[in-house]
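Residues per chain, in single letters:
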Amino acid sequence: MKAPSFRYVRPTSLEEALDVLAQADGQAQILAGGQSLMPMLAMRIAAPEILVDINRIPELAGITLENDLVRIGALTRYVELEKSSVVAEHLPLIARALPHVAHVAIRNRGTIGGSLSLADPAAEMPACALALGAEIELVSKSGVRSVGAEDYFLGLYETARQPDEILAAVRFPAARSGSACGFYELSRRHGDFALAGAACTARVEGGALKDLRVAMFGCDDRPVLAKKAAAEVERRGTSPEALAAAAEVLAEDVAPTDNVNGDAETRLHYAKVVFRRAVAMLLESTRG
Amino acid sequence: MDEFVDISLTLNGRPVRRRVPVRQHLVDFLRTELGLTGSHVGCEHGVCGACTLRVDGRAARGCLMLAVQADGCSVETIEGLTESGEIADLQEAFVARNALQCGFCTPGVLITAAELLGRGQPMDRAAIRAFMSGNYCRCTGYQAIVDAIEATLRARLERAASTGDGGR
Amino acid sequence: MPEGGMDRPLPIGVREPRARARRLVAGRGRYTDDISLPRMLHVAFLRSPYAHARIRSIDVAAAAAAPGVEAVFTGRDIAAACNPWQGNHALFPDLDSPPQYPLAIEIARWQGEAVAAVVAETRAQAEDALALIEIDWEELPAVVDPEAALVPGAPKIHPDRPSNLALEFTTAKGDVDDAFARAAHVIEETFVFGRHTGVTLEPRTIIAEFDPTEERLVVHQSHQAPHQQQDLYARLLGIPEHKVRVICPDVGGAFGVKLQFYADEAAVAVIARLLGRPVKFVADRFEAFAADIHARDHRITARLGVDAEGRIVALDVDDLFAIGPYSQYPRASVTEGGHIARLTGAPYRLPAYRARVRMVYQNKGLIGHYRAVGQPIACAVAERLIDGAAAKIGLDPVEIRRRNYLRDEDFPYTSPTGVAFEHLSLNRCLDLLVEKLDLPALRAEQQALRAKGIYRGIGIASFVELTGPGPDYYGQGQVRVSSQDGCIVKLEPSGKVRVVASATDQGQGTDTAIAQVVAAGLGVRTADVHVLLGDSEVCPYGGGAYASRGASIGCEIAFRAARQLKGNVLKVAGALLQMPPDALDIRDGAIVDAEKGVERLTLADIGRVGYFQQYLLPPDLQPELAVVQHYVPRDQAYIAGNGIQASYVELDPETGFVKLLRHAVVHDCGLIINPLLLDEQIRGGVVQGIGGALFEEVVYGSDGQMLSATMADYIVPMSSEMPDIDVWHVEAGIGREKLGAKGVGEAGTAGAMGAVLNAVNDALLPFGARIAQTPCTPQRILRAIREARARGTTQSH
């Protein structure tokens, strides 16, 4: 299980990297943390002509807080998110999700930008980005554009990023006072990709939930906002019975198919369970 | 055709320069070019943890990094950690508790456990199990591994409490 | 001295750590892939992408011209230099598995079967060239489902065989049909046991080197049985046996995966011979899943008849066993089905018993001899049915077992299938389990939590395991697998001790256990004994590691050899001291006066005289300070051990997820040589059993494509989900003339699946649901609950 041959380029600036991509005519692959790409190379599922290693581009790393926005550079590794006081304080949803991401050695190398670029439908970070309404910064020779998470995830491992673009950073709105979050996933083993998961945020006003956003992962070909079910929660309230009734409309939000983890019926059932449990955890957190 | 690149790195505290094929992963490089066979190749797709190394002070999968990416890095292997004596107490606990059988997973397990110990935080068995959850062991059933790590952690924390040095 | 008159002195029974472990924790292991030889080449195999396909043509020209490539071989090239083999067994004369070749020649019969080999300077270059081999494939219909395979008119996997039925055999005792007719209750269940595989962390690895000037083949291989491999390479490649040497260095997990003869490994030996250069093959993880032996894969319908008091009147087992396209060589795939027929219900008095096994060819990987071979299934089937009977009658699972166990007065006992049990301690094991676990308190806790909507399950499972087989099974089966072990114990001139033995170690600690029994038998410290294993040229002939024989046979003979050496040493000492040898003893490395324990000589004195100063001895005394002894158990076909396991689980009925809270084992392994090693053997075995019960499954699609070919898809147990495991021992049934250790390596695996399956079903009881399929995945558990709900059998809860 050895990687095929490729050319290796290690630019030291974003500009240099973009030059390589611009000239590669779609035959280049970006190597960030490598925790998913390296297995794909070993299995020869990925066979790029050029591998562009962006690990030595300083402007792609770092976590900053500005004007109620947390900007996280694409090369920021999970371990840095875990250690970040900014994340702990302003992105509690991410903080809750992190322990579910793979294992120590993977979190030491894996990057948030890599996860958002790969867009595995069962991964945690894409769902968090969706739940939080993140903006994804895509840079190319022709400039920077921002794409909202809802417009970024297009399908199975498919995103709005073009081959000549680099995902430079992701911007999250910092949690406001009065907001709450919940995160729940079902996985066979600790650190495995989820069979199903839900990441949610809401404002709590007088015991009721407003602006509930529930991002479902592992339930469809991409992370999906459960808009209908969330609206049902806002309409019906937060009793266990109301949550269960709201979860029943999830079939209008997500469309799981048969896969190795279960048939479509079971996967939809799991979607309902994780939806309820994530929202229940959100509620639980507000009772402090 | 293979493309080669010159790299230099610090390996177990000593400088090393080599010319490597760019597609070669780090653990293959260490094993075949440098004869450091203590790190093992178990799955080559990042799941089993047998190739776990320390890169720039943190545990990393040796099969999920190219050797060329280690250019300029500090890489430590089980051989280095053994010679420095940093994990002598942990190794002794593994032997005493029989926390290994075939030993193929053990170098990777020890490096992950060294990171756990390095955090200097008390952990219960469930937390130790979660921390170690990325290292596959087919032989032991894990209990002896957890026992050995738990005993070493406790001893280090007690020593730190009595000397106030933060557990390292 | 314990009963029996044979002393079992220290350090037998001591928790000694392993010398090998010190080397391994320091990263100083030497596994086969750590070895690199001058001019060594690397092999990669092109493997069939289809489960069943004809090779219309194969063109290797482009691959042969690729960078770094030394040679490319097809099936015909290799077959010309290697005899084919057939995985047959003379005790089952109807089994006539077709000849198998190192590489597929005309037809590939499972996805992953090797069809061509590229030899190159590096493995990466060899893999590059694989993509350049052009094969014109004609896909043939894949036979995957074993029931479909038996339907008349089903596509045949071997056109020259009458059907896909490889073998059918039946064993019966008593009037089974009559007993069922008179039973008060009959419990019937159809089980589906999924495929597992061993997933050794070190993949199969081999380096073969052939020196044409000496016509000598040396093979370094990650394997359990070097002499078996020596025999096979010699016979199949036509090399005189004394010119074949097989060396097994440190082995990174084996579990029966590395007990087999593999077609791709045969190809490596042939290629080394053809090229005259060392050739290395390391199976990558894809190859491990596709081409390592698999295990289990049984569909079993079983019926248990009991009387009104829950006493067994009859047991009937019907096993449909899917073995892949060939019977595995050299042991034959029949063993697993054989053990199921032999051992289902073995702990119990069985007035009438019948078992039928049908072995079926199909287009999946081959079934071999993975840890506990068939025994986990024999246990799970009987224990599920017993629990079913208990539930039907309203008996406690503990009580129904007590009513049916073989008792002390039944021994020595011959089972309905003809297996002799010298002694089993079933009741003692159960009593200890009930006491140590406080099973009544656990039941009370379970009931109390159920009222709160927390669903826990308790499962127990008794098992009988057959360890340390004698020559009856393979010997009479005309299978060249040795049941003996040999051991050389020699005193070095300095008084230190070297042992060279045919037993092998893959992490069990067999070398340490041998050092301990030699130390005990001779009267020295373990640290003064060095043990060498795993070299077919140097070690006395023996079977290596299989069927839990390291302690029961390997240590038995080491102990005997040590005692013989002791006698020889004391003869020399007696002559020097002019005392009768039996007035002397060896203690802690010194020759002492047996009565008073006063030191008279050191072992170094004996070494000096024995090797350099023989003139000090009487002329007719030739010192024999090295002894070799062999041992094969002849009194029984197997050394039977037994035990019981308990599993405590919590079920999330909404998701079907099962959390393992606790697991316990009570085991009787006869004499305990080293409790530290013993307990970890059992724990490791339990976790493999849990893997099979809840997680692990080799999944194939209906077209025979493997769907679980990575470690992300084949889910092995990891640390977070595994429980702590209590291990307790009953030391019973130690024979009089022997060291008396029974096998332990498979005990954990033999009983764990049954215990977990019973615990899961116990947790499912309030839902009126049952599961009889492994692994018990969340989806299958949910389906069971859903189906029960649809049947309307849900109890109020």
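Residues numbered from 1 in each chain as written. Chains lettered and ligands numbered in written order. Predicted model: local features only at pLDDT ≥ 70, side-chain atom pairs only at ≥ 80, totals over all residues. Heavy atoms only, no water.

This part covers the overall build of chain A. Helix and strand counts for chain A come out as 12 helices and 14 strands. Here the C-alpha radius of gyration of chain A, 19 Å, is about what a compact globule of 288 residues would show, namely 19 Å. Along the longest, intermediate and shortest principal axes, the C-alpha atoms of chain A span 60 × 45 × 35 Å. By residue count, 58% of the 288 residues in chain A fall in the buried class. Counting only contacts in chain A whose residues sit at least 6 apart along the sequence, the fraction spanning at least 24 positions is 63%. (Helix = DSSP H or I, 4+ residues; strand = E, 2+ residues; numbered from the N terminus. Rg over C-alpha atoms; globule rule 2.2 N^0.38 Å. Buried < 20%, exposed > 50% of the residue type's maximum accessible area, 1.4 Å probe, protein only. Contact = heavy atoms within 4.5 Å.)

Time to look at the side chain of N758 of chain C. All names here are of chain C. Residue placement: N758 occurs in helix α20 (residues 747-764). Here R384 takes part through its side chain, which lies 2.8 Å from a polar atom of the side chain of N758. Dropping the residues within four chain positions of it, N758 is found in contact with E383, R384, D387, R401, I458, G459 and I460. (Polar contact = N/O pair within 3.5 Å; in protein donor to acceptor, adjacent residues only side chain to side chain.)

All right, on to helix α17 (residues 550-577) of chain C then. The terminal C-alpha atoms of α17 of chain C, which comprises 28 residues, lie 38 Å apart, in line with the 40 Å expected from a rise of 1.5 Å per residue. Directly after α17 of chain C, the chain includes Q578 of chain C, whose backbone phi takes a positive value near 55 degrees. (Expected span 1.5 Å × (residues − 1).)

To continue, consider a nonpolar patch on the surface. On the surface, a cluster of nonpolar side chains totalling about 240 Å² of accessible area is made up of V260 of chain A together with V699 and L707 of chain C. Positionally, V699 of chain C belongs in the loop between α19 (675-695) and β28 (725-729). (Patch = residues over 30% accessible without salt bridge, like charges linked within 9 Å, V, L, I, M, F, W, Y side chains within 5 Å. Areas by Shrake-Rupley, 256 points an atom, 1.4 Å probe, with all protein chains shown as cover. Salt bridge = Lys/Arg side-chain N within 4 Å of Asp/Glu carboxyl O.)

Residue and element names in this part refer to chain C. By the assigned domains, chain C splits into domain 1 (32-140 + 203-251 + 257-291), domain 2 (376-465 + 640-791) and domain 3 (484-631). Between the C-alpha centres of domain 1 and domain 3 the distance comes to 41 Å. Taken together, the contact pairs 16 residues of domain 1 with 17 residues of domain 3. Roughly 1200 Å² is buried in total at the junction of domain 1 and domain 3, and carbon and sulfur atoms are behind 45% of that figure. (Domains from an automatic or database assignment. Buried area = accessible area lost by both parts, 1.4 Å probe.)

Looking now at the environment of A341 of chain C. Residue and element names in this part refer to chain C. With respect to the helices and strands, the residue A341 is situated in helix α10 (residues 334-343). A residue is classified by how much of its surface remains accessible, and A341, at 3% relative accessible area, is buried. On a C-alpha basis, the gap between A341 and G374 in space is 8.9 Å, while along the polypeptide they are 33 residues apart. Once residues within four sequence positions are removed from consideration, A341 is found in contact with F169, T171, Y353, A355, V357 and T417.

Here the focus is the interface of chain C and chain A. Listed as interface residues are 25 residues of chain C and, on the opposing side, 23 residues of chain A. It is E654, F657 and Q779 of chain C in chain C that bury the most area against chain A; as a group they hold 27% of the surface buried on that side. Along the contact surface separating chain C from chain A lie 6 salt bridges. In this structure, D652 of chain C and R277 of chain A form a salt bridge, with 2.9 Å as the shortest nitrogen-oxygen distance. For the pair chain C and chain A, the interface holds 14 residue pairs in polar contact (both at pLDDT 80 or more). Of all elements in the fold, only α4 (123-130), α9 (285-291), α19 and α21 (778-791) of chain C reach the threshold of two or more residues within the side of chain C that touches chain A. When the residues that make up the side of chain C that touches chain A are grouped by side-chain class, the tally is 11 nonpolar, 5 polar and 9 charged. (Nonpolar A, V, L, I, M, F, W, Y, C, P; charged D, E, K, R; others polar.)

This part covers the nonpolar core. For soluble globular proteins, nonpolar side chains are generally found buried alongside one another. The biggest cluster of nonpolar side chains holds 181 residues, and the ones touching the most others in it are F94 of chain B together with F421 and L694 of chain C. If near-sequence neighbours (up to four positions away) are discounted, F94 of chain B is found in contact with A99, L100, T106, V109, L110, I145, A148 and I149 of chain B together with V25 of chain C. Core analysis: the second largest hydrophobic core is formed by 77 residues, L81 and F217 of chain A together with L30 and A60 of chain B among them. (Core = buried A, V, L, I, M, F, W, Y, C linked by side-chain atoms within 4.5 Å.)

All names here are of chain A. Relative to strand β5 (residues 69-73), strand β4 (residues 63-66) runs antiparallel, the two being bridged by 4 bridges. Pairing of E66 across the sheet is with L69, part of β5. In this structure, the hairpin formed by β4 and β5 is closed by a connection of 2 residues, where N67 is found at a positive phi of approximately 50 degrees. (Pairing = 2+ DSSP bridges.)

Counting residues at the interface gives 48 residues for chain B, matched by 51 residues for chain C. Across the chain B/chain C interface, buried area totals approximately 4000 Å², and carbon plus sulfur atoms make up 55% of it. For the pair chain B and chain C, the interface holds 8 salt bridges. The shortest N-O distance in the salt bridge between E680 of chain C and R97 of chain B comes to 2.9 Å. Applying the counting criterion to the chain B and chain C interface returns 30 residue pairs in polar contact (both at pLDDT 80 or more). Tallying contributions element by element places helix α3 (residues 88-97) of chain B first for the side of chain B that touches chain C, with 6 residues. A per-class count over the side of chain B that touches chain C returns 22 nonpolar, 17 polar and 9 charged.

Residues and elements named next belong to chain C. The mixed open sheet is built from 4 strands, whose spatial order is β21-β20-β19-β25. Strand pairing shows two members of the sheet lacking a second neighbour, β21 (529-533) and β25 (626-631), which therefore form its edges. Sheet twist, expressed as the average angle between the axes of neighbouring strands with direction ignored, equals 15 degrees. Alignment of strand β19 (residues 485-491) against β25, held across 6 bridges, turns out to be antiparallel. In the sheet register, D485 faces β25, and the bridge partner there is Y631. The sheet strands contacting helix α16 (residues 510-522) are β19, β20 (497-501) and β21, and the helix crosses β21 at an angle near 135 degrees. (Axes fitted to C-alpha atoms, helices over the stretch in contact; angles between N-to-C directions.)

All names here are of chain B. On the basis of which strands lie adjacent, the open sheet formed by 5 strands has the order β2-β1-β5-β3-β4 and mixed pairing. Of all the strands in the sheet, the pair left with one neighbour each is β2 (14-21) and β4 (58-61). Each adjacent strand pair in this sheet contributes to an overall mean axis angle of 45 degrees, direction not counted. Here 2 bridges tie strand β1 (residues 4-11) to strand β5 (residues 74-76), and the two strands are oriented parallel to one another. Within the sheet, the bridge partner assigned to T10 lies in β5 and is S74. Of the strands in this sheet, β3 (52-55), β4 and β5 are in contact with helix α4 (residues 106-118), which crosses β3 at around 45 degrees.

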